[in-house]
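In case you want the letters, here they are:
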Amino acid sequence: MINSLKYLFKNYLYFLAIYAISRIVFIVYNLNSFDISFKEAILSFVYAWRVDTVMACYILIIPTLLLSLHFLYPNKATHYIVKTLVMIFTLINAMIMIGDIGIYKEWNTKINYKALTYLKDVDEVVRTSTNGLLISGAVLFLLMLVLSYYLYQKIVPKNIHVKQSYMLPVPFFLLAGGVVFLGLRGTGITPIDQSDAYFSENDFANAAAINSTFNLARSVESNIKVGDKNPYHFFTKEELNKRISNLYEVKKDTTISILKNSKPNIVYIILEGFSSDLIAANGGYKKVTPTLDSIIKNGYNFKNVVSPGLRSHVGMISIFSGFPALPTVNVATQRDKFTNLPNFVKDIKKLGYETGYIFGGDLKHGKVLDYIFNCHFDHLIKGEDFSGDIPTGKLGVADEYLFERKIQEIDKMKPPFMMASFTLSTHSPFDYPMKDVFKFGGGYQQYINSGHYTDKALKEFFRVAATKPWYKNTLFVITADHSHPTPNHWENFVANKNRIPLLFFGDVIKEEYRGIQNSKYASQLDISSTVLHQLGLDAKEYQWSKNLFNPNTKGFGFYVFNDAYGLVSQNENVFYNHETKKTVYQPEETFYDKNKEEVLKALLQALYDEYLKL
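Predicted model only: the values in this text are computed from it and were never measured. (Residues numbered from 1 in each chain as written. Predicted model: local features only at pLDDT ≥ 70, side-chain atom pairs only at ≥ 80, totals over all residues. Heavy atoms only, no water.)

**Q** Please explain the overall build of the protein as it appears in this structure.
**A** Check the secondary structure of the protein and you find 20 helices and 12 strands. Whereas a compact globule of 614 residues would reach a radius of gyration of roughly 25 Å, the protein reaches 27 Å, a difference of no more than 12%. Taken along the three principal axes of its C-alpha coordinates, the protein extends 85 × 60 × 50 Å. For the protein, the residues scored as buried account for 56% of the 614 residues in total. (Helix = DSSP H or I, 4+ residues; strand = E, 2+ residues; numbered from the N terminus. Rg over C-alpha atoms; globule rule 2.2 N^0.38 Å. Buried < 20%, exposed > 50% of the residue type's maximum accessible area, 1.4 Å probe, protein only.)

Dropping the structure here:
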């Protein structure tokens, strides 16, 4: 059994070796085009280890099974079958390595599903590649194959010396299979994600750490179900454009300026999973969020705002890029797509804003890490940057400590600045440092109390902030990444399930606009366009984001649930389920209007068309 375990382990070491060599080639080949420090280069290998292990263990599943059967009938064929399988993946690795160095300088992404679709046209690939690239690629490919084969011969024994046994196959499979299974999860308790390899604000360093085979496999998996065709094709291009244009039609492009000046400091407070049901001023439970209720009386509040999705990574893209959630696919986890989206942070940095983002936990939570890195905040503070003396829960530091650190970080920034924070105490397991105040809600009692705790933390944040010199010229934007189920038990198709806060607050707001409760329906998507217009900036790139301070903007919001889409406006809530091909209206007595159903279908088709173009 020991010999078989050693054989399996040496195959694993072989894959780590060729992945490391591919990484070296990728870094060296791109040194003239991208900056990477020696430390970052070394760390790319360190942080790559777990994802490299996952990829290697996927390949070793079949060899593990073959080695188990090998005890029943020891023979040389087992080694040659394993070797053949390994060489196939060696060939694949070499091809992907060449693909990476071929496209990274142009696309700033490693080879992915989108790139594979372009490779269908070989003539086009050859015509758009320089002779130098074609020759160097061919040479590197052959060298990589030769070096890989040499390493395999040196690392992996040519024979598997075992004695025939009918007792050992099961114990070996349980032991080796258990180790391989652990490797498939990245050697950790929770399954690994590609973002586990990200460690730097340098995109190139992160790209170096990514396992290229894993990256391609994930990209293919995300796209293969639908390929490059739109599954929501209902209208001709002309009909589609007409319906979308009517929905987003603005008779006059104007903006009500609610600010005293057009270059205020901007502080985003993004609350984790915060339903409007928690806020009395928005029609929610009384006394749960007295701080927010008080702030709303002195700010400009949008009462009827919906989040497009129900996940943190979707919320971040909606807030900072104005791109909606989609059924069945996820832009937020596809780097090759979200890097093509507009970005609020990058836009205001052009105005001279110093930017920051702070989160008290691990940014892999909610899969927001990769997207937040792509925003290129000047300062990125994560849970690991907090003092070890601060009490932490399972997800990270409690919200009161997050807000305390946020004040400290803002004090260091030079106006004008933009600082965003993302809370976590309203996320399960709700281990907030406070005794429960409210006893109602049944299974949601902890959630309700977590909302009250975060509200208390906000009170202290604003108390301290009000004493700071930067306070009077600061616009506070309070919203949530998504909503959360509550004791109201909203059905999945009802927009109320997705309602979140959106509040503008601060002394920088003109007195005549304070205390306004705007009941127009809106979307989390509208934040970027709305804020950019207040700064006097163009927001045309944010085509799905509306300027809420344009009185001519139509009031509506849309949202996704599984393979279905909902649209809500002042008088009705329409929900189309693509799987069942059924449309649900709220209120139920609403007269059936086929035009509303067609608007939803047009949204689905147009958004998916946009997704495919990214």
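**Q** Just to check I follow, could you spell out the pattern of salt bridges for this structure?
**A** Pairs can form between side chains of opposite charge whenever their charged atoms are close. One pass over the structure, following the stated rule, counts 15 salt bridges. The residue Arg335 makes a salt bridge to Asp370 at a minimum N-O spacing of 2.2 Å. Taken together, the residues span a long stretch of sequence, with Arg335 in helix 14 (residues 335–338) and Asp370 in helix 16 (residues 369–375) at a distance of 35 residues. Owing to a relative accessible area of 12%, Arg335 belongs among the buried residues under this scheme. Asp370 sits in the buried class, given a relative accessible area of 7%. (Salt bridge = Lys/Arg side-chain N within 4 Å of Asp/Glu carboxyl O.)

**Q** Even after reading the chapter, I still don't get the packing of aromatic side chains, so can you show me in this structure?
**A** Applying the stated criterion to the full structure yields 42 aromatic pairs. Aromatic side chains Phe9 and Tyr12 sit 5.9 Å apart centroid to centroid with 40° between the ring planes, which places their arrangement in the tilted category. With Phe9 and Tyr12 both in helix 1 (residues 2–29), this residue pair falls three residues apart, about one helical turn. An angle of 45° between the planes, with centres 5.6 Å apart, marks the rings of Tyr268 and Phe320 as tilted. (Phe/Tyr/Trp six-rings, centres within 6.5 Å; stacked < 30°, edge-to-face > 60°.)

**Q** How should I be thinking about the sheet that holds strand 11 (residues 573–577) in this particular structure?
**A** Hydrogen bonding along the main chain pairs the strands of a sheet, whether they run parallel or antiparallel. The strand order across the open sheet built from four strands is 9-10-11-12, with neighbouring strands paired in antiparallel fashion. The open sheet is flanked by strand 9 (556–560) and strand 12 (582–586), the only strands paired with a single partner. Each strand of the sheet is rotated relative to its neighbour by a mean of 15°, with strand direction disregarded. Sheet topology note: the strand 9/strand 10 (residues 564–569) ladder contains five bridges and is antiparallel. Bridge pairing in strand 10 places Tyr559 opposite Gly566. (Pairing = 2+ DSSP bridges. Axes fitted to C-alpha atoms, helices over the stretch in contact; angles between N-to-C directions.)

**Q** Help me understand the packing of helix 1 against helix 7 (residues 131–155), please; the structure alone is not making it clear to me.
**A** When two helices pack together, their arrangement is given by the angle between the helix axes and by the axis-to-axis distance. Relative orientation of the contacting elements helix 1 and helix 7 amounts to 155°, with a least axis distance of 10 Å. Put simply, helix 1 runs roughly antiparallel to helix 7. When the axes of helix 1 and helix 7 are compared, the crossing they make is right-handed. Each of Tyr7, Lys10, Asn11, Tyr14, Ala17, Ile18, Ile21, Ser22, Val25 and Tyr29 in helix 1 lies in contact with helix 7, whose residues at this interface are Leu133, Ser136, Leu140, Met144, Leu147, Ser148, Leu151, Tyr152 and Ile155. Residues belonging to the contact of helix 1 with helix 7 are distributed by class as follows: 14 nonpolar, four polar and one charged. (Parallel < 35°, antiparallel > 145°, perpendicular 65-115°, else oblique. Left-handed = near helix turned anticlockwise from the far one by under 90°. Contact = heavy atoms within 4.5 Å. Nonpolar A, V, L, I, M, F, W, Y, C, P; charged D, E, K, R; others polar.)

**Q** What is the right way to read the sheet that holds strand 6 (residues 474–480) from this model?
**A** Sheet architecture is open: eight strands sit in the order 4-3-5-1-6-7-2-8, paired in mixed fashion. With partners counted over all chains shown, the strands left at the sheet margins are strand 4 (379–381) and strand 8 (516–523), one partner each. Averaged over all neighbouring strand pairs, the angle between strand axes comes to 15°, with direction disregarded. Docked against the sheet, helix 13 (residues 312–321) engages strand 1 (265–271), strand 3 (354–359), strand 5 (417–422) and strand 6, running at close to 155° with respect to strand 1.

**Q** Sorry, what's going on with a nonpolar patch on the surface here?
**A** A surface patch of nonpolar side chains, amounting to about 890 Å² of accessible area, comprises Leu65, Leu69, Leu72, Tyr73, Tyr166, Val170, Phe173 and Leu174. Listed by contribution, the elements that provide at least two residues to the nonpolar patch are helix 3 (61–70) and helix 8 (169–184). Per-element accounting of the nonpolar patch gives the leading share, three residues, to helix 8. Summarising the element assignment, Leu72 is placed in the loop between helix 3 and helix 4 (76–107). Accessibility expressed as a relative area gives 32% for Leu72, which makes it partly exposed. (Patch = residues over 30% accessible without salt bridge, like charges linked within 9 Å, V, L, I, M, F, W, Y side chains within 5 Å. Areas by Shrake-Rupley, 256 points an atom, 1.4 Å probe, with all protein chains shown as cover.)

**Q** Just checking my understanding: could you explain the packing of helix 17 (residues 399–412) against helix 18 (residues 445–465) for this structure?
**A** The N-to-C vectors of helix 17 and helix 18 enclose an angle of 20°; their axes lie 8 Å apart at closest approach. The angle between the axes of helix 17 and helix 18 places the two elements in the roughly parallel class. Helix 18 is crossed by helix 17, and the crossing has right-handed handedness. Across the interface between the two elements, Asp399, Glu400, Phe403, Lys406 and Ile407 from helix 17 touch Tyr453, Thr454, Ala457, Leu458, Phe461, Val464 and Ala465 from helix 18. For the contact of helix 17 with helix 18, the per-class residue count stands at eight nonpolar, one polar and three charged.

**Q** Any chance you could explain the nonpolar core here in plain terms?
**A** The nonpolar side chains of a soluble globular protein tend to be buried with one another. Ranked by size, the top nonpolar core spans 127 residues in total, and within it Tyr268, Phe320, Phe344, Tyr357, Met418, Phe462 and Phe504 carry the most contacts. Top contributing element to this core by residue count: helix 20 (residues 594–613), with nine residues. In this structure Tyr268 touches Ile319, Phe320, Phe344, Lys406, Met418, Met419, Ala420, Ser421, Val477, Ile527 and Val531, once residues within four positions along its chain are discounted. Core analysis: the second largest hydrophobic core is formed by 50 residues, Phe34, Val86, Tyr104 and Tyr152 among them. (Core = buried A, V, L, I, M, F, W, Y, C linked by side-chain atoms within 4.5 Å.)

**Q** Could you clarify how one ought to interpret the environment of Lys10 in this entry?
**A** With respect to the helices and strands, the residue Lys10 is situated in helix 1. If we skip the residues at most four places from it in the chain, Lys10 touches Ile155, Val156 and Pro157.

**Q** Please clarify how the environment of Ile256 should be interpreted in this entry.
**A** Tracing the sequence through the fold places Ile256 in the loop between helix 11 (237–248) and strand 1. Sequence separation between Ile256 and Arg514 is 258 residues, and the spatial gap between their C-alpha atoms is 13 Å. Apart from the residues within four sequence positions on either side, Ile256 is in contact with Tyr513, Gln534, Phe549 and Pro551.

**Q** What is the right way to look at the environment of Trp544 in this model?
**A** Take Trp544: it is sitting in the loop between helix 19 (527–534) and strand 9. Taking the C-alpha atoms as reference points, Trp544 and Leu607, 63 residues apart in sequence, are found 9.0 Å from one another. For Trp544, the residues in contact, after removing those within four places along its chain, are Ile244, Tyr248, Gly322, Phe323, Pro324, Leu525, Asp526, Leu603, Ala606, Leu607 and Glu610.

Read these as geometric descriptors, not functional statements.
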